[in-house]
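# Examination of the molecular architecture
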Amino acid sequence: LVARMRPFGTTIFAEMSALAVRTGSINLGQGFPDTDGPPEMLEAAVEALRGGRNQYPPGPGVPELRAAVSAHQKAHWGLDYDPDSEIVITAGATEAIAAAILALCEAGDEVVCFEPYYDSYAASIALAGAVRRPVTLRPDGDGYAFDEAQLRAAFGPRTRLVLLNSPHNPTGKVFSREELTLIAELCQEFGAVAVTDEVYEHLVYDGLAHVPIATLPGMRERTVQISSAGKTFSCTGWKVGWACGPASLVSAVLRVKQFLTYVNAGPLQPAVAVALGLGSSYVDRVRASLESKRDRLCAGLSSAGFTVLKPGGTYFVTVALDSSTDGVEYCRSLPERCGVVAVPTQVFYDNVDQGRHLIRFAFCKRDDVLDEAVRRLQLLE
Ligand code: PMP
Ligand code: GLN
């Protein structure tokens, strides 16, 4: 194995899901829903499979999906992207993020990102030979905040990208317009491109607004905006994602994507186009359902004695254990102690001490599953 990949072992998601299977535990670790997405989307996939759409789709993605992504960006965020030159379909957001980093970073370039960060970021940055410059999100009240001085200090002459995930996994933080404005100003001051991971764009609660940084002044032309179908349409196994941005940036992403996967998910792409066409009534229902699940799990965890950091968005809630407790050890023993799996978020930090005692539970599960998990956690000593 090449040196730059040696620090990366098995992902925590694979480890914890395997532990859940082995111990027969309730898996609130890896974030995937336990119910299916819209029946119209599933039917459209079956039709495409039976209807002979099983060969290579076009490189940038099937035209109806690019058109549907374009219409979605316009309807929800007021952003105009030309489906022919400014949108590319990818193998999930993960491939879009990797392709963007590989396409835009020379070896030694720096990528500003917020820790704890989604685990593929560090690996993709390492594959590109780039360097991550983490800015820490710290528990603050019942949410998370970053220090402006630390953010400024992370920028410098080698800054090439800012990798921004809002709503943020694992913290559930929804970045405010003020925070995004500060990040946008720094991007412009240092000539950096924003690569945004917006897979939880529709999963925001308490009336909060998701603000794509591409909508801020001067940012559309320097942003690669990335999302995917997995979360919004409960199909995490389909791996259909997209990147939108000015043609100069999107063509760079496509150049790399051609040689990572060439194309992907032929028959699933038209089905995701159908799902995107369902519009806000579907999205609003998903949001309402997940908001109530968030409340259910947060209340349950509090009743079991946990200190809950209430998320504004995503599938996840983090809890702060006693400051002397190690989250990895805790999560490794939790299945045997009570039959529930969670994920230690310290593995998503460079500054591990900042997150040693934090663990994450997913609430994208049926209510009866959440209730049973809480019942088990309440029995913990
Ligand atoms: N980014 C974040 C923040 C995620 O939580 C996930 C997990 N699903 C992904 C990217 C990956 O998305 P996809 O499955 O579309 O590749
Ligand atoms: N995004 C999901 C999570 O954070 C899982 C992704 C994965 O397994 N790689 O739980």
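The numbering scheme is per chain: residues are counted from 1 as the chain's sequence reads. Written order decides the labels, with chains lettered from A and ligands numbered from 1. Whole-chain, interface and lining totals are the exception, using all residues; otherwise, since this is a predicted model, local features are given only for residues with pLDDT of at least 70 and side-chain atom pairs are given and counted only at 80 or more.

## Topic: the UniProt feature "domain: Aminotransferase class I/classII large" (unreviewed entry) in the protein
Just so we agree on the cut-off: UniProt positions are given in the numbering used here, feature names are shortened, and annotations may be inferred rather than shown by experiment. Here a strand is any run of E in DSSP of at least two residues, a helix any run of H or I of at least four, and the numbering for each starts at the N terminus.
What UniProt calls "domain: Aminotransferase class I/classII large" (unreviewed entry) maps, in this numbering, to residues 26–377. The annotated region residues 26–377 carries 41% helix and 18% strand content, and the separation between its end C-alpha atoms amounts to 11 Å.

## Side note on the sheet that holds strand β11 (residues 307–309)
Stated formally: Pairing between strands requires that DSSP locate at least two bridges from one strand to the other.
Spatially, four strands are ordered β11-β12-β15-β14 in an open sheet, and the strand pairing comes out antiparallel. Only two strands of the sheet have a single neighbouring strand rather than two, namely β11 and β14 (343–344).

## Some thoughts on the pairing of strand β7 (residues 159–165)
Using the following cut-off: To assign burial, the other C-beta atoms lying within 10 Å of each residue's own C-beta are counted, with C-beta atoms placed from the backbone; 20 or more indicates buried, 12 or fewer indicates exposed, and intermediate counts indicate partly exposed. Here a crossover is taken to be right-handed if, once the strands point away from the viewer, the path from the first strand over the helix to the second is traced clockwise.
The buried fraction of β7 is high, at seven of seven residues. Direction of pairing for strand β3 (residues 110–115) relative to β7: parallel, over a ladder of four bridges. Residue glutamate 110 lies in a different strand from β7, and its bridge partner there is threonine 159. With five bridges connecting them, β7 and strand β8 (residues 193–197) associate as parallel partners. Paired with leucine 164 across the two strands is threonine 196, which belongs to β8. Running through helix α7 (residues 177–190), the crossover from β7 to the neighbouring parallel element β8 is right-handed.

## Some details on the site of ligand 1
The condition that has to hold: Near residues are defined by distance alone, with the backbone-placed C-beta atom required to lie within 6 Å of the molecule or strand. For this scheme, ten residues count as nonpolar: Ala, Val, Leu, Ile, Met, Phe, Trp, Tyr, Cys and Pro. Four count as charged, namely Asp, Glu, Lys and Arg, and the remainder, Gly too, count as polar.
Taken together, 13 residues lie around ligand 1, and Gly92, Ala93, Thr94, Asn169 and Ser228 are the ones closest in. Take the shell around ligand 1: its biggest share by element is three residues, from helix α4 (residues 92–104). Along the lines of polarity and charge, the residues of the shell around ligand 1 split into three nonpolar, eight polar and two charged.

## Examining the site of ligand 2
The immediate surroundings of ligand 2 are formed by Thr11, Phe13, Gln30, Gly31 and Asn169. Taken together, the residues that form the shell around ligand 2 break down as one nonpolar, four polar and no charged.

## Some details on the nonpolar core
Nonpolar side chains in soluble globular proteins tend to end up buried together. Rule in force here: Throughout this description, the term nonpolar core refers to a group of buried Ala, Val, Leu, Ile, Met, Phe, Trp, Tyr and Cys residues whose C-beta atoms join them within 7 Å. Where a domain begins and ends is set by an automatic assignment or by a domain database. We call two residues in contact if the C-beta atoms placed from their backbones are at most 7 Å apart.
Within the largest apolar cluster, 117 residues are counted, with the highest numbers of intra-cluster contacts made by Ala100, Ile101, Leu161, Ala243, Val253 and Val272. If you tally residues by element for this core, the top one is α4, at ten residues. Counting contributing residues, this core receives three or more from each of domain 1 (3–36 + 281–378) and domain 2 (39–279). Among all residues touching alanine 243, those that are not within four sequence positions of it are Val88, Thr90, Ala96, Ala100, Val224, Ile226, Val250 and Val253.

## Here's the deal with the environment of serine 248
Looking at the secondary structure, you find serine 248 in helix α9 (residues 247–260). Overall, the presence of 10 C-beta atoms within 10 Å leaves serine 248 in the exposed class.

## Observations regarding the pairing of strand β2 (residues 87–91)
Most of β2 sits inside the fold, with five of its five residues counted as buried. Direction of pairing for β2 relative to strand β10 (residues 240–244): antiparallel, over a ladder of five bridges. Across the sheet, residue threonine 90 finds its bridge partner in β10, namely glycine 241.

## Section: the domain arrangement of the protein
Taken domain by domain, the protein holds domain 1 (3–36 + 281–378) and domain 2 (39–279). Here the C-alpha centre of domain 2 lies 23 Å away from the C-alpha centre of domain 1. Listed by partner, the interface residues are 36 residues for domain 1 and 37 residues for domain 2. For the side of domain 1 that touches domain 2, the secondary-structure elements that each account for two or more residues are α11 (280–303) and β12 (316–320). Here the side of domain 1 that touches domain 2 takes eight residues from α11, the largest share from any one element. Looking at the side of domain 1 that touches domain 2 residue by residue, the class counts come to 17 nonpolar, eleven polar and eight charged.

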